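# Fold and geometry: a report
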Amino acid sequence: MELSKLYAITDRGMIQKTLAEDIAAAVRGGVGMVQLREKNIAEEQYIAYAAEALSICRELGARLIINDSISVCAAVGADGVHLGQGDADPKEARCILGSKAIIGVTAKTVDQAVRAAADGADYIGSGAVFGTSTKTDAVKMDMDTLRAITAASEVPVYAIGGINAENISQLRGSGIYGAAVVSGIFKGDIEKNAALLKKEVELL
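Residues numbered from 1 in each chain as written. Predicted model: local features only at pLDDT ≥ 70, side-chain atom pairs only at ≥ 80, totals over all residues. Heavy atoms only, no water.

## Regarding the side chain of serine 4
Residue placement: serine 4 occurs in the segment before β1 (6–9). Assessed through its relative accessible area of 16%, serine 4 is described here as buried. Among the polar contacts made by the side chain of serine 4, one reaches the main-chain carbonyl oxygen of leucine 6 at a distance of 2.9 Å. A polar side-chain atom of serine 4 sits 3.1 Å from the main-chain amide nitrogen of glycine 32. The contact partners of serine 4, leaving out residues within four places of it in the chain, are Val31, Gly32, Met33, Tyr158 and Tyr177. (Helix = DSSP H or I, 4+ residues; strand = E, 2+ residues; numbered from the N terminus. Buried < 20%, exposed > 50% of the residue type's maximum accessible area, 1.4 Å probe, protein only. Polar contact = N/O pair within 3.5 Å; in protein donor to acceptor, adjacent residues only side chain to side chain. Contact = heavy atoms within 4.5 Å.)

Here it is as C-alpha cells:
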C-alpha cells in the first residue's frame, strides 16, 4: 500500500473558510492523505464532520484517516484510523475495519514502534520533532530518537510536530518516510503551504 508522503492533520481552531474548503485547498496543493482530528465532541457530530471531509477527499482523490475513533471511521467508510498509545489496539481496529484499512499508530519510543508494526500498523507517527502548538501534552523528540525509531520500524514513519516548509529540510537523513503537518499547512495560504511542503518532502 503506497501512502502519500505529505499528510495533513486538521485542527478546528485553524479553519479559515469551511472544513471542506480548507481540506480541498490542502489537497490541491499536494496533500494525499488527510487526518480528521476532533476532540471533545459527541460522536454524532464527529461522524457529520467525517462525512463532510470524506466527501471532499473522495472528490479530489485523497485518503481520509480518522483520529482516535474506530467507530467513526467505520460509520462513514473512511480509509483508516490513527490511534494514540492510549487508544484502541491496532489489532482491534484491523478486526473491525478490515484488511484494506490504513491503520496508523503514534510511537514515541523504539519499543512502541516495533510493537505497533507487529500489531498490524501500516505506518507510525513520531514526534514532536520541532515541538508543537496544537497539542499541550506533546514532548519534543530529539533527532537521535527519531532516527532510532525509523531504523527499527518495519513500516513507514511520519515525523510530526511543528513542521513547516522552512524547517522540514532539517529532517533529511532521519529515515522518515514523510511528514504529518498541522499548522504548517493550515495557517496562512493553505494551498501554497502544501505545495511548498510537497516539494520539500520529496527530497527527504
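Let's pick the thread back up.
## Digging into the packing of helix α1 (residues 19–29) against helix α2 (residues 43–60)
Contact pair α1 / α2: the axes reach a minimum separation of 9 Å and the direction vectors enclose 30 degrees. In this structure, α1 meets α2 at a crossing whose hand is right-handed. Facing α1, whose interface residues are Leu19, Ala20, Ile23, Ala24 and Val27, α2 presents Tyr49, Glu52, Ala53, Ile56, Cys57 and Leu60. Considering only residue class, the contact of α1 with α2 consists of ten nonpolar, no polar and one charged. (Axes fitted to C-alpha atoms, helices over the stretch in contact; angles between N-to-C directions. Left-handed = near helix turned anticlockwise from the far one by under 90°. Nonpolar A, V, L, I, M, F, W, Y, C, P; charged D, E, K, R; others polar.)

## So, the sheet that holds strand β5 (residues 102–106)
An order of β1-β2-β3-β4-β5-β6-β7-β8 is seen for the eight strands of this closed barrel, with the pairing classed as parallel. Along the sheet, successive strands turn relative to each other by an average axial angle of 25 degrees, direction set aside. By the bridge criterion, three bridges tie β5 to strand β6 (residues 123–127) in an arrangement that is parallel. Bridge pairing in β6 places glycine 104 opposite tyrosine 123. Here α2 sits on the sheet in contact with β2 (33–36) and β3 (63–67), set at roughly 160 degrees to β3. (Pairing = 2+ DSSP bridges.)

## Observations concerning the nonpolar core
The biggest cluster of nonpolar side chains holds 71 residues, and the ones touching the most others in it are Leu64, Ile66, Ile163 and Ile185. Beyond its immediate stretch of four places on either side in the chain, isoleucine 185 contacts Leu6, Ala8, Ala26, Val31, Ile190, Asn193 and Leu197. (Core = buried A, V, L, I, M, F, W, Y, C linked by side-chain atoms within 4.5 Å.)

## With respect to unusual backbone geometry
Following glycine 127, the chain continues into alanine 128 via a peptide bond in cis, with omega recorded as 15 degrees. Of note, alanine 128 is situated in the loop between β6 and α6 (143–152). In this structure, asparagine 40 is a non-glycine residue whose phi angle is positive, near 55 degrees. Inspection of the secondary structure puts asparagine 40 in the loop between β2 and α2. With a relative accessible area of 84%, asparagine 40 lands in the exposed category. Even without being a glycine, aspartate 68 presents a positive backbone phi close to 75 degrees. With respect to the helices and strands, aspartate 68 occurs in the loop between β3 and α3 (70–76). Judged by its relative accessible area of 24%, aspartate 68 is partly exposed.

## What about helix α8 (residues 190–201)?
Compared with an ideal rise of 1.5 Å per residue, which puts twelve residues at 16 Å, α8 spans 16 Å between its outermost C-alpha atoms and is within 8% of the ideal. Among all positions in α8, only Ile190, Asn193, Ala194, Leu197 and Val201 are buried. All buried residues of α8 lie within an arc of 95 degrees about the axis, which places them on one face of the element. Turned more than 90 degrees away from the buried face of α8 sit Lys192 and Lys199, all of them exposed. Check the buried side of α8 and you find it contacts β1, α1, β8 (178–181) and α7 (183–186). Residue aspartate 189 occupies the N-cap position of α8, its side-chain oxygen lying 3.4 Å from the main-chain nitrogen of glutamate 191. (Expected span 1.5 Å × (residues − 1). Arc of directions from axis to C-beta.)

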